[in-house]
Amino acid sequence: MTKIVNSWNDFDPLKHVIVGRADHSCVPPEEPATSEKVPIDSPMRGMWGPRPLETVEKANAQLDNLARVLEERGVKVDRPSPLQWNQPVITPDFRTGSMMTCMPPRDTLLTIGNEIIEAAMSFRCRYWEYLAFRPLLSQYFNEDPEFLWSQAPRPRLSDKSYKHNYYDERISLEERLVRTANKDFVTTEEEILFDAADVLRLGKDLFIQHGLTTNRKAMEWFKRKYPDFRIHAVNFPGDPYPIHIDATFVPLRPGLIINNPHRKLPEAQRKIFEKNDWQIVDAAMPAHKEPPPLCYSSVWLSMNCLVLDHKTVIVEASETNQLEQMDKLGMNVIPIHFRDAYAFGGGLHCSTADVYREGTCLDYFPNQDFEDVTRV
Ligand code: NVA
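Identification of the protein as Serine/threonine protein kinase from Crenobacter caeni is taken from an unreviewed UniProt entry. The protein has a UniProt comment under Sequence similarities (unreviewed entry) that states "Belongs to the amidinotransferase family."

And the structure:
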């Protein structure tokens, strides 16, 4: 019997990780939570079904290479068991034409210490995605007597969970930005909804992005679940599609965060970092002007790096500005090619989920002697 699951942040030495797989990935049909996120001029609008096989093979080659690079550095790598995603999801509350993928485990699984939580995701097409990770979680449960295996309350994802016609195609980018600033999102407060990738773990403090995939009720759930933690709601008004925090606000080591310069953390919300001597640095501009074809994410996947320890980080090889900035910030950078995987669910951070990092639950924000506007 050994300890298998332990991770309190994104920067302590990584020893064991899950790397996703692209097999059978589909572009899901539109649904209340997702149609809004496909940009109006994107070729993905109105298109759905299995992704072309050659793109799946290319993505898998880069995911396999990531796994190999990690293993060469002594990190144990586990892989999920993809389902045939091209099947409908039917529940008493909804029906949608297909599922999506298990390429980005970071969205589905949230590791907090010795616990892994299967998230309460808001996309109907992602309703069964956690099943791809069940063989691994079951194995951890059998082998690690301290592993806590949890699932957030399963959302029903009925029509009550969404604001309908929230994004009319005539709504301009400016109006979307106003909505983000006003914290007016497509999901309602009917039930607890969150993607794991909206939760930034910094020891005793969880910073949770309020956006299209995570609502306030989720934050209230975290607050009650972890009474000894401090739960903070953060939002980034410059992001017209706020989905997942890991191309927006990315910690590199204790005391240092890179922040997307187009999605700055508002002044009032920065106080907790300033009062505790954390440095927030503008991230370098992406090297690319456009994301790859059929990709949901923005060019800011440039920031979506995988930190291996306080001095080492994996960055996408063509992101030359980001590589250079990491180097200047004192990190040893391992460049690897990963753009072929982007369309399947994101970058290097998205495509992984922590199982074990060394270290314990630290208090990085001991100075609480001020009004913290982010506290839930
Ligand atoms: N939604 C983010 C990506 C998160 C990994 C973006 O498109 O920039």
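**Student:** An account of empty space enclosed by the protein is needed here, citing residue identities and associated values.
**Tutor:** Enumeration according to the criterion identifies three cavities of 30 Å³ or more in this entry. As a volume, the largest cavity reaches approximately 200 Å³. In terms of lining, the largest cavity is formed by 22 residues, of which the most central are Asp 10, Arg 106, Val 199, Arg 201 and His 349. Mapped onto the lining of the largest cavity, the elements with two or more residues apiece are β7 (109–112), β10 (199–202), β13 (249–253), β16 (306–309) and β19 (352–357).

**Student:** How would you explain the packing of aromatic side chains if you had to name every residue and give the values?
**Tutor:** Inspection of every chain in the model, using the stated rule, returns 21 aromatic pairs. Above the ring of Phe 344, the side-chain terminus of Arg 51 is found at 5.0 Å from the ring centroid. Here the guanidinium or amino end of Arg 179 rests over the ring plane of Tyr 166, the centre of that ring lying 4.4 Å away.

**Student:** Can you lay out the site of the ligand for me, pointing to particular residues and giving the numbers?
**Tutor:** Inspection of the region around the ligand gives Ile 243, His 244, Asp 246, Ala 247, Arg 263, Ser 297, Ser 298, Leu 301, Asn 304 and Cys 350 as its neighbouring residues. In this structure, a nitrogen atom belonging to the ligand sits 2.7 Å away from a main-chain N or O atom of Ile 243. Here Arg 263 contributes a side-chain N or O atom positioned 2.9 Å from an oxygen atom of the ligand. Burial of the ligand by the surrounding chains reaches 92%, relative to a free accessible area of 270 Å². Classifying every residue of the shell around the ligand by side-chain character gives four nonpolar, four polar and two charged.

**Student:** Give me the pattern of salt bridges: which residues, what numbers.
**Tutor:** Any two side chains of opposite charge can pair, so long as their charged atoms come close to each other. For the coordinates displayed, the defined rule picks out 23 salt bridges. Notably, a salt bridge pairs Arg 134 with Glu 118, separated by 2.9 Å at the nearest N-O pair. Of this pair, Arg 134 sits in helix α3 (residues 134–143) while Glu 118 is found in strand β8 (residues 115–118), placing the two residues 16 residues apart along the sequence. For Arg 134, a relative accessible area of 28% puts it in the partly exposed group. Through salt bridges with shared partners, a single network forms among Asp 10, Arg 106, Arg 201, Asp 354 and Arg 357.

Conventions used here
- Residues numbered from 1 in each chain as written.
- Predicted model: local features only at pLDDT ≥ 70, side-chain atom pairs only at ≥ 80, totals over all residues.
- Heavy atoms only, no water.
- UniProt positions renumbered as here; feature names shortened; annotations may be inferred.
- 1 Å grid on protein atoms, 1.4 Å probe; cavity = no way out; pocket = protein on both sides within 12 Å on 5 of 7 lines; lining within 4 Å.
- Points joined across faces, edges and corners; volume = space filled by probe spheres on them.
- Helix = DSSP H or I, 4+ residues; strand = E, 2+ residues; numbered from the N terminus.
- Phe/Tyr/Trp six-rings, centres within 6.5 Å; stacked < 30°, edge-to-face > 60°.
- Lys NZ or Arg CZ within 6 Å of the ring centre and 35° of its normal.
- Near = heavy atom within 4 Å.
- Polar contact = N/O pair within 3.5 Å; in protein donor to acceptor, adjacent residues only side chain to side chain.
- Areas by Shrake-Rupley, 256 points an atom, 1.4 Å probe, with all protein chains shown as cover.
- Nonpolar A, V, L, I, M, F, W, Y, C, P; charged D, E, K, R; others polar.
- Salt bridge = Lys/Arg side-chain N within 4 Å of Asp/Glu carboxyl O.
- Buried < 20%, exposed > 50% of the residue type's maximum accessible area, 1.4 Å probe, protein only.

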